[in-house]
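# Structure at a glance
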Amino acid sequence: MSDDLFDKAEFVAYFRDETEELLQQIDSDLLHLEEFIDHGNADPEIVNSLFRALHTIKGSSGMLGFSEVQALAHKLENLCDLLRKDRMPLSEGALNILFAGRDFLTELISNAVEGTDPPTGLKEYGERLDSFVAVYEQTSSLIEGKAGEETSFTEEAAEVTPVSASEIEAFEAEVERLLAEERAKAAAAPAPAEPPPAPAAPAAAVEPQAVETPNGSLSKAEGIAERIVAAREAAPAAQGAPAQEKQKRTSAHQTIRVDIERLDMLLNLVGELVINRTRISDIANTLDRSIKDPDMDGAADRIAPLAKDLADSSALLARTTNEIQESIMKVRMVPIGQVFDRFPRLVRDVAKARGKEVQLKISGAETDLDKTIVDEVGEPLMHLLRNCVDHGIEDPNTRERRGKQRFGTISLNAYHEGNQIIVEVIDDGGGIDLQRVRDRGIKQGLISESDRLTDREIIELIFTPGFSTAETISDVSGRGVGMDVVKKNIQRLKGVFDVDSQEGAGTTFTMKLPLTLAIIQALLVRVANELYAIPLDSVIESQRVEMEDVRTVHGNEAILLRGQVVPLVRVAEFFELGGERDPDKVMIVIVGLQGRQVGLVVDSFQGEQEIVIKPLSDVIGRIPGISGATILGNGSISLIIDVHSLVSEAYAGGKIARAEFSGV
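What counts and how
- Residues numbered from 1 in each chain as written.
- Predicted model: local features only at pLDDT ≥ 70, side-chain atom pairs only at ≥ 80, totals over all residues.
- Heavy atoms only, no water.
- Core = buried A, V, L, I, M, F, W, Y, C linked by side-chain atoms within 4.5 Å.
- Buried < 20%, exposed > 50% of the residue type's maximum accessible area, 1.4 Å probe, protein only.
- Helix = DSSP H or I, 4+ residues; strand = E, 2+ residues; numbered from the N terminus.
- Contact = heavy atoms within 4.5 Å.
- Patch = residues over 30% accessible without salt bridge, like charges linked within 9 Å, V, L, I, M, F, W, Y side chains within 5 Å.
- Areas by Shrake-Rupley, 256 points an atom, 1.4 Å probe, with all protein chains shown as cover.
- Salt bridge = Lys/Arg side-chain N within 4 Å of Asp/Glu carboxyl O.
- Lys, Arg positive; Asp, Glu negative; His and termini not counted.
- Charge placed at Lys NZ, Arg CZ, Asp CG, Glu CD.
- Pairing = 2+ DSSP bridges.
- Axes fitted to C-alpha atoms, helices over the stretch in contact; angles between N-to-C directions.
- pLDDT = per-residue confidence, 0-100.

What follows is about the nonpolar core. Ranked by internal contacts, the top residues of the largest apolar core, which has 46 residues, are L381, V423, V425, F497, M511 and L513. In terms of residues, this core owes the most to one element, helix α12 (residues 371–392), which gives eight residues. In this structure M511 touches V377, P380, L381, L384, I421, I422, V423, I490, V496 and F497, once residues within four positions along its chain are discounted. Core analysis: the next-biggest nonpolar cluster, separate from the first, contains 44 residues, L23, I37, V47 and I57 among them.

Within the chain, N529 stands out as a residue other than glycine whose phi angle is a positive 65 degrees. Within the fold, N529 resides in the loop between β8 (519–527) and β9 (530–535). Exposure remark for N529: the relative accessible area of 67% places this residue in the exposed category. Of note in this structure, E576 is not a glycine but carries a positive phi near 55 degrees.

Taken together, the side chains of D433, D439, E449 and E503 define an acidic patch exposed on the protein surface. On the secondary structure map, E449 appears in the loop between α14 (434–443) and α15 (455–460). By relative accessible area, which is 65% here, E449 ends up exposed.

Right, let's get into the environment of T139. Considering the arrangement of structural elements, one finds T139 in helix α5 (residues 122–143). T139 gets classed as buried once you look at its relative accessible area, which sits at 3%. Counting along the chain gives 52 residues from T139 to R87, while the straight-line C-alpha distance between them is 8.3 Å.

Turning next to the sheet that holds strand β5 (residues 420–427). Strand-to-strand pairing in sheets goes through backbone hydrogen bonds, with the strands running parallel or antiparallel. If you trace the five strands from one edge of the open sheet to the other, you get β2-β4-β5-β7-β6, paired in mixed fashion. Only two strands of the sheet have a single partner each, and these edge strands are β2 (358–363) and β6 (496–502). Mean inter-strand twist for the sheet, computed between neighbouring axes without regard to direction, equals 15 degrees. Pairing between β2 and strand β4 (residues 408–417): six bridges, direction parallel. In the strand pairing of β4, L360 is matched with I410. In the packing of α12 onto the sheet, the strands contacted are β2, β4, β5, β6 and β7 (506–514), and the crossing angle to β7 comes to about 175 degrees. Here helix α16 (residues 483–492) sits on the sheet and contacts β6 and β7; the angle it forms with β6, its principal contact strand, is near 140 degrees.

The next subject is the sheet that holds strand β13 (residues 564–570). What the six strands build is an open sheet, ordered β10-β14-β15-β13-β12-β11; its pairing is mixed. Only two strands of the sheet have a single partner each, and these edge strands are β10 (539–546) and β11 (551–553). Averaged over all pairs of adjacent strands, the angle between strand axes in this sheet comes to 40 degrees, irrespective of strand direction. In this structure, strand β12 (residues 556–561) lies alongside β13, joined through four bridges in antiparallel fashion. Across the sheet, L561 pairs through a bridge with Q564, a residue of β13. Sitting on the sheet, helix α18 (residues 643–652) is in contact with β13, β14 (585–593) and β15 (596–602), with an inclination near 105 degrees to β14.

What follows concerns the confidence of the model for the protein chain. Within the protein chain, residue pLDDT values average 76, and 75% of them lie at 70 or more. The least confident element of the protein chain is helix α7 (residues 217–234), whose mean pLDDT is 54; the most confident is β2, at 93. In the predicted structure, residues 146–163 sits below a pLDDT of 50 and forms 23 contacts with residues beyond four places in sequence or in another chain. Note that residues 192–218 has pLDDT below 50 and, in this model, 24 contacts with residues that lie over four places away or in other chains.

Moving on: the pattern of salt bridges. Scanning the entire structure with this criterion turns up 26 salt bridges. Residue D428 is joined to R399 by a salt bridge in which the shortest nitrogen-to-oxygen separation is 3.0 Å. Of this pair, D428 sits in the loop between β5 and α14 while R399 sits in helix α13 (residues 396–401), placing them 29 residues apart in sequence. Residue classification places D428 among the partly exposed residues on the basis of a relative accessible area of 25%.

Okay, here's the thing in structure tokens:
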């Protein structure tokens, strides 16, 4: 095939995306299989799903010439085939080999796509996998009465690295466990009305041809095979997990892949359409006001029909634009489960590394979120889950002493709340040790021993870059990297991050994220003759307050709102816009941040409006308190206030007293 007809780069990109989904499916299937270890036999639907995923990877990699990926996928497929045909019991050893194979497969795919060298240890793993499969293949062949040349092994298969003694012992122990289960089930079964006829000859009478190996491992397989055959004859019906315990598998939704850049371009066009819709609506309103002007006289009769037609057209355009906008937004929306699917394996591996027993419960995986945000939220969630396993959940013995179950539980929840999505990570561990955090803060020079901090202020210390309560550095934690990254990433997504902890009972991490970063509802306010937009999802309420109700607390302005002290930030002074203060009243926009409230002082309210966010140019750079700009209906430009950045800068500059606000 010519290069013109075969664009390998395009197929490689498709292969990368496809295998990413398949690898997540493999992880999910392996984790489900782990639940069936006690039964010895796996749910066939899960095994078939695992087999199909490996088969697809093998075929796709072979088409692109990724021979190492193809070879490993084929070997793992052989192992799954043994499970699929009930020629091998489901054991922890088999699952560990499959989990390791999944990891090597992930690295190999990445190496193949990027053109880098394969990972170290691959050859040794391949030899171990071949040996593991060889023992079970030979055992199943002996059970079926096959021998010598009738086996499906090639000469190359007989030259694999010998199976270690420990692996053989583990294999025999697993078979003994299964045999004991078979005998127990047979003993518990009711006696038949008539004794069954005796078998014509025991399976051991069939003497298979010996297969020589360097360490004699297959001769052991002969004895094991005889015992398995005898057990099957004694209790042929007692196999596998109860039918009611089998996992239900759902069919995948039909999807079509679309490059995100094409969606972004389409979204930009919709943004321009929203701006023009607002412009037309503004013209219609201006004409309507002009018609009602008493100085218009006869001109009003001529303009009135045109104004009505324009208003009708504006309404039609608004309805059409809204429908297009909603459709485009739905196209960009993907289930957050695409991220959640990565974490059961993460929690399992970290828990095993730390010697803990942890179960992860996921709810709301079907909750839709903008693709851009979904791609960015994975890293913060990964840090939080690792933190919960490492710092939050206690070891099993400690949990028992505290009257808890040996295994800890981490809940990962997602749900919609208004025009936001809430993501919660909740653990039932020991909670945050405030005294330990405070001591570590003093040791690292973040605070002094004389500082009197509230519980919330102490918790805020864990978000300081480099802060860690771990005494030793491990592969999981101890380097002081994690919680500060989480907070920065969430704020970069225009979200809110909050922590609530109860010592001895557990910790709850809450993220509040916007559904999209492109088009939002905003409150327009005027400050010193300039228009600013405040995202509506940050606004709690707006207030007009008399100056006599404004108090000064520690040198900063504040008001008392329903029994709560709310510090004030004058937007005009923050941006150094000049202007004079109104001596009689103040207009305040109350915004919420991480459980606290702050009042932004403005000159007037201009109403709510849907706005299209335009990022600031790189030439301008970052402006504290500003997240972007938007074009209004009359063609003017309004800057969009970044509430989190503005309050953080005001707090750092001493314009908000620590005692009154510590939520940033």
